[in-house]
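# Observations on the model geometry
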Amino acid sequence: MSLLELDDVDAYYDESHILRDLSLSVEEGEICALLGRNGAGKTTTLRSIAGATPPTVQDGTVSFQGTDVTGDPPEDIAARGISLVPEERRVFADLSVVENLRLPEVARSSTNRFGRSVATTREGMSMEEVYEYFPRLDERREQRAGTLSGGEQQMLAIARALRQPTDLLLLDEPYEGLAPQIIETVERAVERIREDGTTILLVEQNAIAATNISDRAYVIDQGEVVFEGTGEELQDDEETRQRYLGV
Ligand code: ATP
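What counts as what
- Residues numbered from 1 in each chain as written.
- Predicted model: local features only at pLDDT ≥ 70, side-chain atom pairs only at ≥ 80, totals over all residues.
- Heavy atoms only, no water.
- 1 Å grid on protein atoms, 1.4 Å probe; cavity = no way out; pocket = protein on both sides within 12 Å on 5 of 7 lines; lining within 4 Å.
- Points joined across faces, edges and corners; volume = space filled by probe spheres on them.
- Helix = DSSP H or I, 4+ residues; strand = E, 2+ residues; numbered from the N terminus.
- Nonpolar A, V, L, I, M, F, W, Y, C, P; charged D, E, K, R; others polar.
- Pairing = 2+ DSSP bridges.
- Patch = residues over 30% accessible without salt bridge, like charges linked within 9 Å, V, L, I, M, F, W, Y side chains within 5 Å.
- Areas by Shrake-Rupley, 256 points an atom, 1.4 Å probe, with all protein chains shown as cover.
- Salt bridge = Lys/Arg side-chain N within 4 Å of Asp/Glu carboxyl O.
- Lys, Arg positive; Asp, Glu negative; His and termini not counted.
- Charge placed at Lys NZ, Arg CZ, Asp CG, Glu CD.
- Buried < 20%, exposed > 50% of the residue type's maximum accessible area, 1.4 Å probe, protein only.
- Near = heavy atom within 4 Å.
- Polar contact = N/O pair within 3.5 Å; in protein donor to acceptor, adjacent residues only side chain to side chain.

### Looking at empty space enclosed by the protein
- The final tally for this structure, using the stated rule, is one cavity of 30 Å³ or more.
- Estimated volume of the largest cavity: approximately 40 Å³.
- Among the secondary structure elements, those contributing two or more residues to the lining of the largest cavity are helix H8 (207–213), helix H9 (231–236) and helix H10 (238–245).
- If you tally residues by element for the lining of the largest cavity, the top one is H8, at three residues.
- When its residues are assigned to classes, the lining of the largest cavity shows five nonpolar, two polar and one charged.

Below, the structure written as structure tokens:
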């Protein structure tokens with residue numbers, strides 16, 4: 001059984017049919033890359049997994065740890081151990097680093113929109129653990145998040161996600177706009193997070209950066225899977241790279 005399985009998923013924004021019979025699986029313990037051009041449907045796929053609406057999944061199933069979670073509210077999916085770090089790196093600009101990192105504790109004791117408690121007995125990573133992955137955040141505990149560099153904000157967004165119990169981390173273009181040196185720092189952290197047991201689904205436009213650290217990759221185009229294989233197989237598949245990734 002795969003950790004995550006999408007079977008023939010069709011997702012829509014209103015009438016707009018975006019994901020078309022999309023099937024993919026993520027195995028426990030791997031880093032899996034989801035690649036494709038602008039508008040291919042990568043973010044839509046992550047949002048469909050995390051239960052974020054829009055889009056709406058109108059057909060097909062999303063299963064996590066063998067349970068059908070299609071259409072479940074995002075709070076419930078998060079409580080099952082799926083954490084999404086969205087593309088916009090939403091950190092709370094006016095709060096300090098440490099205050100941002102404490103927010104998941106506050107959220108854990110709240111209720112979801114149906115008034116049900118989503119409190120979980122499981123804990124995410126401790127502050128000390130996330131500082132180990134990202135020493136830069138440790139040095140800047142009291143700094144206002146809005147004044148962090150783009151790379152530091154990305155680290156904070158990932159660190160905050162890990163403060164919730166996380167079996168599967170969904171990363172949406174974590175390297176976007178970052179200098180090569182910072183990309184490397186984030187890459188090393190992502191590899192360590194995986195080594196310590198968290199499975200990762202990594203969305204990237206930068207196919208080279210993504211396949212460097214991925215075990216397997218999917219390429220999607222117009223909401224359909226057009227390639228599935230190892231990073232090496234993708235490197236060797238010039239036609240797929242040129243046609244769907246432009247590299
Ligand atoms: P990018 O790399 O540019 O972020 P992507 O592969 O993540 O692209 P998506 O953001 O999933 O692509 O978008 C897939 C399609 O869905 C695009 O045609 C986009 O215009 C459309 N789309 C995305 N969000 C919405 C929305 N809220 N309402 C309507 N259409 C949307």
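We are not done yet, so read on.
### So, the sheet that holds strand S4 (residues 56–64)
- Spatially, S2-S1-S4-S5 is the arrangement adopted by the four strands of the open sheet, whose pairing is antiparallel. Since the sheet does not close on itself, it has two edges, and those belong to strand S2 (16–26) and strand S5 (67–68), each with one partner.
- Bridge count between strand S1 (residues 4–13) and S4: seven bridges; the pairing is antiparallel. Of the residues in S4, the one forming a bridge with Tyr12 is Thr56.

### Concerning a negative patch on the surface
- Taken together, the side chains of Asp7, Asp8, Asp21, Asp59 and Glu224 define an acidic patch exposed on the protein surface.
- As for its placement among the helices and strands, Asp8 is situated in strand S1.
- Relative accessible area serves as the criterion here: at 43%, Asp8 is assigned to the partly exposed category.

### Details of the site of the ligand
- Lining the immediate environment of the ligand, one finds 13 residues, of which Asn38, Gly39, Lys42, Thr43 and Thr44 sit closest.
- In this structure, an oxygen atom belonging to the ligand sits 2.5 Å away from a side-chain N or O atom of Thr44.
- For the ligand, the accessible surface in isolation is 640 Å², of which the surrounding protein chains cover 62%.
- Taken together, the residues that form the shell around the ligand break down as three nonpolar, six polar and four charged.

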